[in-house]
Amino acid sequence: MKQRWILLAVALFGLAVPNNMFLYSSLHDPHGCGGVAHNLLASSFMLDAFLAMGVLAYFFAARPIGPVRWYWFVLLSLLGGMAFSVPLYWWMNLRRETTASGQGIIR
């Protein structure tokens, strides 16, 4: 049970800190996100995140970790980034698994 709450706390931190930093910088920069395409470092991080999302989505589709389908992981990744989507997707699958079994045991 403690593992589930740690996952939820990490997901909320991933949503609050990195995403708020991104939103703050994109709203307060006069060029918005337009400079990202010309920044090689930012483009490489974005490409890396999209590749990691694709690989993880493929593995979640091929070998599901729980009852929540893989496309929810992709949606969460696009909404909040990898620091948010990985722990929340894992938490959602553990939550569904424990409520389905009715015993509260995490396998």
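Chemist: When you look at the overall build of the protein chain in this model, what are you seeing that I'm missing?
Modeler: Scanning the protein chain from N- to C-terminus turns up four helices and zero strands. Ordered by position from N to C terminus, the α and β elements of the protein chain give α-α-α-α. Classification of the 107 residues of the protein chain by burial places 25% in the buried group. Excluding contacts between residues fewer than 6 apart, the proportion of contacts in the protein chain whose partners are at least 24 apart in sequence is 58%. Carbon and sulfur atoms provide 70% of the accessible area of the protein chain, an area that totals close to 7700 Å².

Chemist: Sorry if this is basic, but what is going on with the nonpolar core here?
Modeler: The nonpolar side chains of a soluble globular protein tend to be buried, and buried together. Formed by 16 residues in total, the largest nonpolar core has its most connected members in Phe-73, Leu-76, Phe-84, Leu-88, Tyr-89, Trp-91 and Met-92. Those elements giving two or more residues to this core turn out to be α1 (2-28), α2 (40-62), α3 (70-80) and α4 (82-101). Ranked by the residues each element gives to this core, the list is headed by α4, at six residues. When residues no more than four places from it in sequence are discounted, the contact partners of Leu-88 are Leu-8, Ala-11 and Leu-76.

Chemist: I keep staring at the packing of α2 against α3 and nothing clicks. Help me out?
Modeler: Between two packed helices, the angle of one axis relative to the other and the distance separating the axes together describe the packing. Contact geometry of α2 with α3 gives a least axis separation of 8 Å together with a crossing angle of 160°. Put simply, α2 runs roughly antiparallel to α3. Crossing handedness for the pair α2 and α3: right-handed. Judged by residue contacts, Phe-50, Met-53, Leu-56, Ala-57, Phe-60 and Ala-61 of α2 engage Trp-70, Phe-73, Val-74, Ser-77 and Leu-78 from α3. In terms of residue class, the contact of α2 with α3 is made up of ten nonpolar, one polar and no charged.

Cut-offs and rules
Residues numbered from 1 in each chain as written. Predicted model: local features only at pLDDT ≥ 70, side-chain atom pairs only at ≥ 80, totals over all residues. Heavy atoms only, no water. Helix = DSSP H or I, 4+ residues; strand = E, 2+ residues; numbered from the N terminus. Buried < 20%, exposed > 50% of the residue type's maximum accessible area, 1.4 Å probe, protein only. Contact = heavy atoms within 4.5 Å. Areas by Shrake-Rupley, 256 points an atom, 1.4 Å probe, with all protein chains shown as cover. Core = buried A, V, L, I, M, F, W, Y, C linked by side-chain atoms within 4.5 Å. Axes fitted to C-alpha atoms, helices over the stretch in contact; angles between N-to-C directions. Parallel < 35°, antiparallel > 145°, perpendicular 65-115°, else oblique. Left-handed = near helix turned anticlockwise from the far one by under 90°. Nonpolar A, V, L, I, M, F, W, Y, C, P; charged D, E, K, R; others polar.

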